Amino acid sequence: MKLGNVLGAAAVSVIAAFATTGQALAEKSEITIGRSHSFGVLQFLVMEHQKLLEKHATAAGIGDLSVNWTVVAGANMMNDGLISGAIDVVTAGVPGFLTLWSKARGTGNAVLGLGAMGSYPIYLNTRNPNVRTLADFTETDRIALPAVKVSIQAMLLQMAAAAEFGQENANRLDHLTVSLSHPDAMAALLSPGSEITSHFATIPFNFLELEKPGITRVISSYDILGGPATMSLAYTTARFREANPKLTAVFLEAFREATRIINERPLDAVRMYLDVTGEKTDPQELLKMLDHPEIAYTVPPENMMKLVDYMFKSGQITHHPASWKEMFVPELHGESGS
C-alpha cells in the first residue's frame, strides 16, 4: 500500500477514533507496518515473506488479518506515520525511537518498543586514501548516512567526534553529512566521480563495500559503543497496544518466529530477503554476514542504554529511563536485555 494513500486514510481513522472516545473499540483487522530496505530489518522481511502475521492471527482466532508492508525512508517519516495513525508499527534506529519516546512520554502519543532488530556493526567506510581517522576528514569529503542529525549513524558520528575532539566538538563533522538511502549511498561511494567519499553503512552494505578495491573502514559502531549493541528496533504506540492486545501478541509471536528462522535457518532467511527486496546479491555473501561473529538477531535489546546515556547527557532526550524495560512493552520484561 502506498504511504500517501495510508496517510490520507489516516485522517479519517483518527477523526473516527476521537469521535468514539469512551466507547469500546474492536481490535483492528488490518495492520500497516513501515520498514526500511536493508538487511538490518531482516525479521520484518522474513515476516513479510512467510506471512507470519497472518499465520499467527489465524492461530489466535483473529480471522483474516490484512497486512500492509510499506517502505519508508528515515526515522522522521516513520515517526510521523506512527503518530498520525497511518502506520501501526515501524522500525527505525535507536536515536529516532528515543527522541520520540522522550517527547511523547506521558501523552496520548506515547510509544513502546516491541523488539530489537538485532545487534550488528555499522561501519564508516571511505574511498579517500588520506582518511584513516576522524581527524583526517576535510571540507572536500562528504559522508552519506540515512538521515542527517536524526539517524543512528548521525548519532554515532557525534559520539565518535565527542570522544575524539571533546564533547563541545560533537557536531564537528555534521556539516559533511548527506542524507542518502543505503543503496544509493553505496552506489555513490563506489562511483569515483561522486561527491560522496564516505558512507556510514549498515549491513549488508558495509561488508559489500569493503570487498571493493580502495574502500577502507574508518571506524565501527562497536568501537564507539564498546561492543555489540542494538542498532534499530520495532515499536508502536501505547494506544495501539492498549486497543489491540491480541494483535500485539500476534505481532510478538511472529517477530519471535522470524528471529528463530534467522538463527536456525540462515540460508532460508537470506533467500527470503533477496526474494522480497529483489536484490541480486550472491546468497553466499549474505550468508557469510549472518555467520559473522559480530552479528546477532535477538528480541530483547542489547547495550541500548549507552545510547540512552549519551542522548540524555547531550540534552537530546529529557528523561532518562531507569532501565530498558521502561521503554518496551511489558510482554518483554521477563527477558534478558540491556
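Computed from a predicted model, the values in this text were never measured in an experiment.

### Looking at helix α12 (residues 266-277)
Here α12 contains 12 residues, and its C-alpha end-to-end distance of 16 Å stays within 8% of the 16 Å for a straight helix at 1.5 Å per residue. Of all the residues in α12, the buried ones are A269, V270, M272, Y273, L274 and T277. Buried residues belonging to α12 abut α2 (42-50), α11 (245-264) and α13 (283-290). Just past α12, the residue G278 takes up positive phi, approximately 80 degrees.

### Quick look at the sheet that holds strand β6 (residues 143-145)
One open sheet accounts for five strands, arranged β7-β6-β8-β5-β9; its pairing is mixed. The sheet is open, and its two borders are formed by β7 (177-179) and β9 (216-220), each paired with just one other strand. Strand after strand, the sheet turns through a mean of 30 degrees between neighbouring axes, direction not considered. The pairing of β6 with β7 spans three bridges and is parallel. Directly across from I143, in β7, lies its bridge partner T177.

### Some details on the confidence of the model for the chain
Caution is warranted with low-pLDDT regions, since their predicted coordinates should not be read in detail. Per-residue pLDDT for the chain averages 90, and the proportion of residues at 70 or more is 93%. Counting contacts from residues 1-24, a segment whose pLDDT is below 50, to residues more than four positions away or on other chains yields 19 contacts.

Cut-offs and rules
Residues numbered from 1 in each chain as written. Predicted model: local features only at pLDDT ≥ 70, side-chain atom pairs only at ≥ 80, totals over all residues. Heavy atoms only, no water. Helix = DSSP H or I, 4+ residues; strand = E, 2+ residues; numbered from the N terminus. Expected span 1.5 Å × (residues − 1). Buried < 20%, exposed > 50% of the residue type's maximum accessible area, 1.4 Å probe, protein only. Contact = heavy atoms within 4.5 Å. Pairing = 2+ DSSP bridges. Axes fitted to C-alpha atoms, helices over the stretch in contact; angles between N-to-C directions. pLDDT = per-residue confidence, 0-100.

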